[in-house]
Structures are given as structure tokens and as C-alpha cells.
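# Working through the structure, step by step
Spelled out, the chains give:
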Amino acid sequence: MPGVKRSSPTRKATPPDAPVPLLSEPLPRWAPAVSLAGVVLIMLVWTWGRWPDLLIDFSRDLYTSSQLAEGKVLYRDIAFFTGPLSPTLNALWLRLFGSSLRTLVVCNLAVLIGFLWLLYRMLREIGSRFAATAACLVFVTTFGLAHLVPMGNYNFICPYSHDMVHGLVLGVGAVYCLARYARGHSANMAWATGIQLGLVQLTRAELSMPVLVACCVGVALLAREPREAWRPLLLRVLGPAVALPLVAFVLLGMLMPWGSALHGVLGSWVWVFDPAVSGMALYRESMGLADPGGNLGRILAWSVPYAMVLVPAAVLALRTRPEQRGRQATLIVAAGATALLLIIGWRHAGPADLARPLPLFVALLGVATVVALAKTPSEFAQRATLIVRLTFVVLALCLLGKILLDTRFFHYGFVLAVPGTTLMVLALLDWVPEWIAKRKGVATTFRWTALALLTGFVGIYLQLTGTCLARKNVPVGEGGNAFLADSRGRQVNAALAFLASEIPPDKTLAVVPEGLMINVLARRRNPIACINLMPPELATLGESNVLASLDKTPPDVIVVDLDRISQDGLRFRNETYARSIATWILAHYQLVARFESQPSDPMRLRLGVLRYQSGPI
């Protein structure tokens, strides 16, 4: 009967070809919680107050949510080009606990801890306690609380986009609930999968599309299982996945025209197939399409060092027998030394290089899982584990699509590379050793080699984090909005002091082309709907529309990055854009203050304060 939990059918023992856990569990039950809590605490103390970037990206979400908490309406009063879930959730936090950076930090810390628990439970569905703990430790140190490049934003406390973090949490949660359904056929787990699948559609396409594909693959595989009631499963998963976006559409439609509500619910799906947006140099470079041949060569080149360590270690482990104790010890020492030398050679590599082979690794893991699944008859219990593993592999591979030829652990990769990296850890510490043990080899030697490699791997990224954190020593803001910034903070502090002393508090402020943190710290409102004048926002909203909004309600004051504006337009990287907007600003505003850093400053910033000329302030 629908809604009634059915007991799992009796399954036979695992077939000879199926991946059976053959390694003893080296960790007691309490060890994962203690080790993960300890590492999170250490990372929090180390990185405390240094998570956000001063001017780029993160402050967009903080400012948007603060305005929603004060009563503004998303898409009607504030332009936004992704789904409504994250800004609405953040606005709820700010309304309940106070509108400040501190509130968002504490709530995001709770999200991080919840996701860490969820990730561990998900990995335990397909791996051992030891490997799942190691994978979660890699996540905390390399993604969750890392700072791998001078720009902030790429951590789970102050992310450049909350849609990315929330989408990943919901995506992993959906696959985990599907995994629990595969174990016990609980109707509640099927409904939970559908609810999270529906909510993730309200984030952004690069998260919702992979989650949708992965869940469809998982449901399709489960529906083919004997005695599986596939119609109720399909209804419970797809029903909420369709209903929740419809509910969001109706709620938004009560506050704005229905066309705007539909546009908001679809979010970034609208722009996925728009060449004006998807064809932008920023996104082409992100996927590695600006130099596909060169990036493919780099993937293969960086795969070779990994293979040089892991393949010989696997071969020697296969040729060693348990009774050869001396040879085991020699191999472990030799493998560890080889991995250490390799890591020493990598210490000067760029922060992106070590991650390049990840898509190739995940693809190979997918092929191996498909082969194992095909060899496992339907009556064997191990089949459910393989289905869950394949579903998670599909999620990982689809998430990497946006950075496929240029995979890295920062920028988009701080979210998109998480499932693939954790799968890599599970394969190295569980699945390859199990495969070796089944063939009478000594899996311990390979596992020690993999641990040495992973330790050095994490060590390199911790070193990068330390280097970036050392640059953040300038206090900015006060009270709940206080944090430490890099040297750009001196110019921002000077600009804030000027605004406080020379510009009345009721006057409006825009920061061009980006830098809404100044609005937050100065507690000044931006009067136009397009609060960020970056290429993606202008491509989605239309430059003429933004210019019309500026002309209709011009900000009283503009703080501008003087290095990024001229009569030729605004500048982003090596390109210019928005010439009409830049020309209009220069024609209607007068420079009244300038704040510059030293020419030798690697984070050089030239801020100017512009006053509107058409009326007295």
C-alpha cells in the first residue's frame, strides 16, 4: 500500500565480483565526531573574522538579504538573476537575529556543521567510517574553511554566492535520502528526496541541473529493481519537485507581475541557453573552453604524477602477501617517501593545478561502478550500494561540468568539486584497497601510500590558506559588521570616514562596478534595482534598462574604483563593457575625494567618491 514502509526483500550473499568491504574498520565509533569537531574548531580559530572578501561578490548577498529583511521585494525592488531560496532564507535569519554580518556568519556556520554531518552520513552509505572521516576532513580543510586565493568568498561561511552552498546541501541531501530509500523502501525518504529536489530548483541551474540528473538516474535504477513499486516512488520524488517551484511562483505572483514571478522562479535557467550570457568570456574561461586543447593537455599532464605514485603502489600491493611482513614495511616506507617527494615537488604548483585530473578520475570511477553493477545480479544485497554510489558519481560528474576542463578547488570549484573530491578519497582508502585484498594482495601498503598522498595534498592547500590569511590584518567595520580585510581595507576605511563626515546619512549611495560591503558598512541604501554593475547582471538585465534606472533615480553619491572606469566603459579583467553607463556617470558626477594605496601594494586600490551634480546634497 502507498505510504506504508515495506520490508526489504531477502537478498542473497554478495557475489564474488561485487565490491565487499574486506578491510577492518580502524576507527572506533566516537572517533569521527571527535576528529571532525577538533579540526573544525582549529580551522575556525585560525580563519576567524577573515572569511569575506572586502568588495567582491559576497557583499551582494549580504546587502540583498538585508534589504529584503527591511521589506523590499526580490525581483521587484532588487534585481536578482538566480532563484529566490537563498536570499529569502538569509533575509529570514537577518530579520530574526538582527541585520549584520555576524548573524549571517553564525547561521552559515550552522549550515556548515549540518552539511558536514550530512556529508559524512552520505559517504557512510558507500564507504567505511575511516574513509568517510578522511573525506570530511579533506572537505573542511580544502573547501569549507579554506582560503586558497587572495580573494575571499570561496568558503562556506562567507561564500560568493549562497545559492551554490545551499544547492550543494540540498543536492547531497536528496541523494542521501534516496540512498536511505534504497536501503529500506521508506516512503518518507522518497518524499524527502522530492522536497529537496524541489527546493534545489529554486537556487541556480549549475546546481539544480546536476541534482535533477543524478536523482533521475537513481530513481530509474531503483525502478528497475525486482519487486520495486516504481509508480509510488516516481510520484513521491517528482511530485514535490514540481509542486514547490509552483508554490514559489504563486507566492511571488502575488507581489509582482506574473511574468516577473516566472522569471524569478526560473532563476538562472533563463540564461543557460542565452548566448549573450553563456557565451561570455568569464564563463567560457571557467569551463576551460577558451583553451580546450591546452586545458585537456594539462589534465593529462597532471594525471601522470598521480599515476606514478598510485599505480606502482597498487601493483606492488597485489604482488605482496600477508605473511611478508618485512616487504610490507619496506613498501610502506618507500611509498610514503615517494609521495612525500612528489608533494615537495608540487609545493610551488598553482592552486588550480592539483585538482585538474579530478573529472577524469570521477569518469573512470563511474565506468568502474557501471561495470560492477552490471556484474551484480539483482538478488544480491550489494546492488543497492552500487546504485547509490553510481548516483553520487553522476552528481559529482555533472557538478564538474561548469569547470570540466579547468577544475580547481576555488572559485566555482569550492562547491562544484566537493562530491568528486570526497569520492576520490573513498576510492583511494576503501575501494582500491578492497579490490587488492580480494586478489590476496596486501591492501594496507596501498592505503598508507594514499594517506601519504592525501596528507601532502591537504598540506599544500593549508599552506595556501595560511599565506592568504596573513594578508588580512586591517580591521574594517564595527560591531556585528566587523571583520579583517587585506590592504584594500585602508582605502575603504578612508572612504567610509569621508562619507560619515561629509555626506548626510539620508543620502543614497551606489558602488561601481561592485562593492556593496561599503553600502552595508556605511548603512546607506542603493536607490536602483541593479545593485551590482558587473557583466553578468548587465547581460541579464540589459544595459539600457540599467541606464534608465540610473537616470530616473540617480544615487546621491557613487564610490567608484577609479581603475575600472573611463570614457571607454567599465573594466572587468582585460575587457571593457557598459560604455553608455560609464559615460553617463562621468557626465553627471564630480570627483570630490580620492583614496589610493601605495603603487607597490599587491592589492592596489584607487577609490573615488563622486557627487551628483544636478542638485545640492
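In short, a report on the structure. Quick caveat: nothing in here was measured; it's all calculated off a predicted structure.

### Digging into the overall build of the chain
Looking only at helices and strands, the chain has 25 helices and 9 strands in total. At 26 Å, the chain has a C-alpha radius of gyration in line with the 25 Å of a compact globule built from 617 residues. Going through the 617 residues of the chain one by one, you find that 57% of them count as buried. Within the chain, contacts between residues at least 6 apart in sequence are counted, and of these 73% link residues at least 24 apart. By element, 64% of the accessible surface of the chain is carried by carbon and sulfur atoms, the whole surface being about 25400 Å².

### Structural notes on the sheet that holds strand β6 (residues 569-572)
Spatially, 3 strands are ordered β5-β6-β7 in an open sheet, and the strand pairing comes out antiparallel. Edge positions in the sheet fall to β5 (565-566) and β7 (575-577), since each of these pairs with one other strand and no more. Bridging between β5 and β6 involves 2 bridges; their strand directions are antiparallel. What sits directly across from I565, in β6, is L570.

### Considerations on the sheet that holds strand β3 (residues 509-512)
Spatial strand order, β3-β4-β9-β8: 4 strands in an open sheet with mixed pairing. Across the chains shown, the open sheet's two edge strands, defined by having one partner strand only, are β3 and β8 (589-596). Each neighbouring strand pair of the sheet contributes to a mean axis angle of 20°, computed without reference to strand direction. In terms of strand pairing, β8 meets strand β9 (residues 606-612) through 7 bridges, oriented antiparallel. Of the residues in β9, the one forming a bridge with F595 is L607. In the packing of helix α21 (residues 488-502) onto the sheet, the strands contacted are β3, β4 (557-561), β8 and β9, and the crossing angle to β8 comes to about 135°.

### Side note on empty space enclosed by the protein
A complete count under the given rule lists 5 cavities of 30 Å³ or more for this structure. The volume enclosed by the largest cavity comes to roughly 80 Å³. Looking at the lining of the largest cavity element by element, the count peaks at 3 residues for helix α23 (residues 535-541). Taken together, the residues of the lining of the largest cavity sort by class into 6 nonpolar, 2 polar and 2 charged. Considering only enclosed or pocket space, the second largest cavity measures out at about 40 Å³ in volume. Lining of the second largest cavity is provided by A510, V511, V512, N526, I528, C530, I531, L533, L550, I558 and I585. Here the element with the most residues in the lining of the second largest cavity is β3; it accounts for 3 residues. Tallied by class, the residues present in the lining of the second largest cavity amount to 10 nonpolar, 1 polar and no charged.

### Quick word on the side chain of K472
Considering the arrangement of structural elements, one finds K472 in the loop between α20 (443-470) and β1 (474-476). Of the side chains with opposite charge, D53 comes closest to the buried, unpaired K472, at an N-O distance of 5.4 Å. Looking at K472, its side chain comes within polar contact range of the main-chain oxygen of P52, at 2.8 Å. Reaching out from K472, the side chain makes a polar contact with the side chain of H147 at a distance of 3.1 Å. Ignoring any residue separated from it by four or fewer positions in sequence, one finds K472 in contact with R50, W51, P52, D53, H147, G152, L484, A485 and D486.

### Here we look at the packing of helix α17 (residues 382-399) against helix α19 (residues 418-438)
At their nearest, the axes of α17 and α19 sit 8 Å apart, and the two run at 135° to each other. Classified by the angle between their axes, α17 and α19 sit oblique to one another. Mapping the contact onto sequence places R389, F392, V393, A396 and L399 in α17 and P419, G420, T422, L423 and W431 in α19. A breakdown of the residues in the contact of α17 with α19 according to their chemical character gives 7 nonpolar, 2 polar and 1 charged.

### Topic: unusual backbone geometry
Going from V512 to P513, the amide bond is cis rather than trans, its omega being -5°. Along the polypeptide, P513 turns up in the loop between β3 and α22 (517-522). The phi dihedral of H185 is positive, around 55°, even though this residue is not glycine. According to the relative accessible area criterion, H185 is buried, its value standing at 10%. Not every positive phi belongs to a glycine, and A578 is a case in point at roughly 55°. Looking at the element boundaries, A578 is found in the loop between β7 and α25 (579-588).

### Notes on a nonpolar patch on the surface
A contiguous nonpolar surface patch, about 610 Å² in accessible area, is contributed by V247, V250, L251, M254, L255 and W258. Of all the elements, helix α9 (residues 230-253) adds the most residues to the nonpolar patch, at 3 residues. Tracing the chain through its elements places L255 in the loop between α9 and α10 (258-266). Taking the relative accessible area as the measure of exposure, L255 reaches 44% and is therefore partly exposed.

The rules behind each value
- Residues numbered from 1 in each chain as written.
- Predicted model: local features only at pLDDT ≥ 70, side-chain atom pairs only at ≥ 80, totals over all residues.
- Heavy atoms only, no water.
- Helix = DSSP H or I, 4+ residues; strand = E, 2+ residues; numbered from the N terminus.
- Rg over C-alpha atoms; globule rule 2.2 N^0.38 Å.
- Buried < 20%, exposed > 50% of the residue type's maximum accessible area, 1.4 Å probe, protein only.
- Contact = heavy atoms within 4.5 Å.
- Areas by Shrake-Rupley, 256 points an atom, 1.4 Å probe, with all protein chains shown as cover.
- Pairing = 2+ DSSP bridges.
- Axes fitted to C-alpha atoms, helices over the stretch in contact; angles between N-to-C directions.
- 1 Å grid on protein atoms, 1.4 Å probe; cavity = no way out; pocket = protein on both sides within 12 Å on 5 of 7 lines; lining within 4 Å.
- Points joined across faces, edges and corners; volume = space filled by probe spheres on them.
- Nonpolar A, V, L, I, M, F, W, Y, C, P; charged D, E, K, R; others polar.
- Lys, Arg positive; Asp, Glu negative; His and termini not counted.
- Salt bridge = Lys/Arg side-chain N within 4 Å of Asp/Glu carboxyl O.
- Polar contact = N/O pair within 3.5 Å; in protein donor to acceptor, adjacent residues only side chain to side chain.
- Parallel < 35°, antiparallel > 145°, perpendicular 65-115°, else oblique.
- Patch = residues over 30% accessible without salt bridge, like charges linked within 9 Å, V, L, I, M, F, W, Y side chains within 5 Å.

Read these as layout, nothing more, since geometry by itself doesn't imply function.
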